[in-house]
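# Notes for the structure review
One letter stands for each residue in the lines below.
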Amino acid sequence: MKYVLLLFTLLGAGLPAAAQTQLKLPKQHGWVNPLPTDSLTGKVSFRAVVQVPGATQAQLYTRAKQWFATTSGPVKPIISQADEAGGILSGKASELVMQNLLGANVQVPLWRTITIQVKPGRFRYIITDFAFDSGQGQGAVTPIENYLAPNALTFDANGYPRPVLQSTIDAIYRSGRQQASSVRQRVSGKVADDNW
């Protein structure tokens, strides 16, 4: 009986200590995600409608198809939907981006889905579904939104991004803007993007 009481006493004393060492979720104290986010899906999303007066749907579709054919990346873009009559092209593309991991800069594939919809005189692009290659093969990816959710691995105790998350946010912001600019230039037929 003494041993049973001693065991319960030791277990009882250990529970508060274990509870104190659990990781606490960080509190968001004013940090705001700078990445553009779709209000309906909650996903990071770069999107816009671009007016191209005088361009036919066929011309814009051809330019969009050329963009997919000539865009750079470690893996050629994979077109998953090509509907010329409906004016829709969609596919996955990747880009190697620098990410700060434990103080070292490493290049990792950043995947995204790009959809271009064309109509006479205008087109819309949507760049979303950003995800890092998980390294597990067979196309397994980790959505960027997993990194942006408050957790102890990517946010500090004050609710601000750790260096690995900040470098990820910077890479996605830079990559998304560059790709959006590339789509606008190619599909609109402009030589340079005038956004000064």
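See the structure printed just above.
Numbering of residues starts from 1 in each chain and follows the order in which that chain's sequence is written. Local features are withheld for residues below a pLDDT of 70 in this predicted model, meaning they are given only at 70 or higher, and side-chain atom pairs are given and counted only at 80 or more; totals for whole chains, interfaces and linings count all residues. Only hydrogens and water are set aside when side-chain values are computed; all heavy atoms of the structure are taken into account.

Turning our eyes to something else, we now look at the overall build of the protein. Strands here mean DSSP runs of E at least two residues long; helices mean DSSP runs of H or I at least four residues long; both are numbered from the N terminus. The secondary structure content of the protein amounts to four helices and six strands. Partly exposed residues are those whose accessible area sits between 20% and 50% of the maximum for their type, while under 20% is buried and over 50% is exposed, using a 1.4 Å probe and protein chains only. A total of 196 residues make up the protein; the buried ones form 33% of that total. For this analysis, residues touch if any pair of their heavy atoms sits within 4.5 Å. In the protein, of all internal contacts separated by at least 6 residues, the share reaching a separation of at least 24 is 54%.

What follows deals with unusual backbone geometry. Although it is not a glycine, Asp-129 adopts a positive phi angle of roughly 55 degrees. Checked against the element boundaries, Asp-129 lands in strand S5 (residues 122-133).

Under the pairing criterion, centres of Phe, Tyr and Trp rings, with the six-membered ring standing for Trp, must be within 6.5 Å; the plane angle then separates stacked pairs below 30 degrees from edge-to-face pairs above 60, leaving the rest tilted. This structure, assessed with the given rule, holds four aromatic pairs. Relative to Tyr-173, the ring of Phe-46 lies with its centre 6.5 Å away and its plane at 55 degrees, an arrangement referred to as tilted. Of this pair, Phe-46 sits in strand S1 (residues 45-51) while Tyr-173 sits in helix H4 (residues 163-188); the two residues are 127 residues apart in sequence, bridging distant segments of the chain. Judged by relative accessible area, which is 8%, Phe-46 ranks as buried. Ring geometry for Phe-132 and Tyr-147: centres 5.7 Å apart, planes at 80 degrees, overall edge-to-face.

A few words on H4. Residue pairs spaced three or four apart in an α-helix point in one direction, given the helix's 3.6 residues per turn. Along its 26 residues, H4 runs 37 Å from first to last C-alpha, staying within 8% of the 38 Å computed at 1.5 Å per residue. Gly-189 sits one or two residues past H4 and shows a positive phi near 85 degrees. Given a helix with a known number of residues, its expected span is that number minus one, times 1.5 Å.

Further remarks concern the pairing of S5. Pairing between two strands requires that DSSP report at least two bridges joining them. Here seven bridges tie S1 to S5, and the two strands are oriented antiparallel to one another. Along S5, the bridge assignment pairs Ala-48 with Tyr-125. As defined by bridge partners, strand S4 (residues 104-119) adjoins S5 across nine bridges and the pair is classed as antiparallel. Pairing of Trp-111 across the sheet is with Ala-131, part of S5. Remark: two residues form the turn of the hairpin made by S4 and S5, two consecutive strands paired antiparallel; Gly-121 in that turn has positive phi of roughly 80 degrees. Two elements, S5 and strand S6 (residues 141-143), share three bridges in a ladder whose sense is antiparallel. Note on S6: the bridge partner recorded for Asp-133 is Val-141.

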